[in-house]
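The residues making up each chain are set out below.
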Amino acid sequence: MNKLSDRVKGLGYSQTFVMSNKAREMKANGIDVISLTLGEPDFDVPDNIKQAAFEAINQNYSHYSPVPGFLELREAISYKLKRDNNLDYKPSQICVSNGAKQAILNVLASIINDGDEVLLPAPYWVSYDEMVKMMGGTSVMLTTSYVTDFKITAEQLDEAINEKTKAILFSSPCNPSGGYYTYDELESLAKVIAKYPHVTVISDEIYEFINYETKTTSIAQFPEIYEQTAVINGMSKAFAMTGWRIGYSACPEWLAKACEKIQGQMTSGANTMAQRASITALKTDPSEYKYMIDAFKKRRDLVYDLIKEIPGFKVVLPKAAFYFFPDISYYIGKTLHGTEIKNSDDFAMYILENAHVGCVGGVSFGSPECIRFSYATSEEDLREAMKRIKTLLAPFS
């Protein structure tokens, strides 16, 4: 008898963690691997945030918090959303979760019935499709490419929406492409979505501050779809707090209450010390943490100059986040040193095993012709990684 549910059997493993675990295993066996797999800032948490956590421990914030988070934290999130995004959300519209991933799941669990469709502009973060599956929904991919900077158009969105469409889920700035939607682009999408009041927008804005060109626009700024939009954000990327597991959603009241109900039956409130520290982080002027963004931009420029020299790579300059997502379709269908390359996952494994550089294939991102590199690591490692890949692929140019 098979004891596992059909739901869990239908899920895949995160390819990001598959490749990072493979890189760790190789390192443990004495192989000099440079892993550019995980989307995690390589900075330590700023001292003022750590100090706030110490103070929370000393003040005995060790008991359950309210399910949607401490009121003071939700007030700080409201303040941040107004300050940075010109968005008006009351604390009652905010649910603090165990990471932005749970915030997305809360929203999906609140709105998706079996068979409902969720539009995913591809490339998308690897967990989106699996999350939709968990909730009994069906993902509908909207294809893009490096030629369009990996962004969908309003016309493409309009053509994809039908009576089964329940939501559109996307990130801007985008993991994995490093692109973002401009104000004008989001406005055109909002006009389409407003025609379909049965559709909910789930806007993942976790990379909001890591934008090298401008201030990131939230699609929730457009009043015609405010009541249809769930804004997702968290502490992981801008504040290097990945392990602290604090994310949040900001939604219309009807959806915020549903998220609270779901979370109340799953995990209850998030870590209390991390919540208290997050208050300090959000109330601090963002310029205090800009040194991390400046370092990422310097690394991006470095990698861009190097990656353009790698044969067969088609790449656009990422304007946000900390990823490159080159098109490597030149190599698909080829046999490299006896290895058949059927898709970008095969290519990523080939790079890992032969150049000892870890990256992630694009199949689980919805773009089987691309691979993702994270440049959230040292300049020394980035130089060496690009050198190894260029050397490995030189015979095939």
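Only a predicted model underlies this, so the values are computations on that prediction, with no experimental measurement involved. (Residues numbered from 1 in each chain as written. Predicted model: local features only at pLDDT ≥ 70, side-chain atom pairs only at ≥ 80, totals over all residues. Heavy atoms only, no water.)

Trainee: How would you explain unusual backbone geometry if you had to name every residue and give the values?
Mentor: Going from A122 to P123, the amide bond is cis rather than trans, its omega being 10°. Relative to the assigned elements, P123 resides in the loop between β3 (117-121) and α6 (126-134). In this structure, P173 follows S172 across a cis peptide bond, with omega equal to -5°. Turning to its location among the elements, P173 is positioned in the loop between β5 (165-171) and α8 (183-193). One non-glycine residue, F150, lies in the positive phi region at around 60°. Topologically, F150 is positioned in the loop between β4 (138-142) and α7 (154-160). Here the phi dihedral of A321 falls at roughly 55°; this positive angle occurs in a residue that is not glycine. When you line up the elements, A321 lands in the loop between α11 (290-307) and β9 (323-324). Overall, A321 belongs to the buried group, its relative accessible area being 0%. (Helix = DSSP H or I, 4+ residues; strand = E, 2+ residues; numbered from the N terminus. Buried < 20%, exposed > 50% of the residue type's maximum accessible area, 1.4 Å probe, protein only.)

Trainee: Describe in detail the pattern of salt bridges, supporting the description with residues and values.
Mentor: Evaluated as defined, the whole model comprises 23 salt bridges. As a salt-bridge pair, K50 and D47 come within 3.5 Å of each other at their nearest N and O atoms. A residue pair is termed a helical-turn pair when its members lie 3 or 4 positions apart in one helix, as K50 and D47 do in helix α3 (residues 47-58) at three residues. The partner of K90 in a salt bridge is E253, and the shortest N-O contact between them spans 3.3 Å. (Salt bridge = Lys/Arg side-chain N within 4 Å of Asp/Glu carboxyl O.)

Trainee: An account of the domain arrangement of the protein is requested, with residue identities and associated values reported.
Mentor: When cut into domains, the protein gives domain 1 (6-44 + 289-396) and domain 2 (47-287). The C-alpha-based centres of domain 1 and domain 2 are spaced at 26 Å. Counting residues at the interface gives 35 residues for domain 1 and 38 residues for domain 2. Of the roughly 3,200 Å² buried between domain 1 and domain 2, counting both surfaces, carbon and sulfur atoms make up 61%. A per-residue breakdown of the area domain 1 buries against domain 2 is headed by Y289, K319 and F365, which together make up 24% of the total. Counting across the interface, domain 1 meets domain 2 through one salt bridge. Between D149 and K319 there is a salt bridge whose closest N-O contact spans 3.3 Å. (Domains from an automatic or database assignment. Contact = heavy atoms within 4.5 Å. Buried area = accessible area lost by both parts, 1.4 Å probe.)

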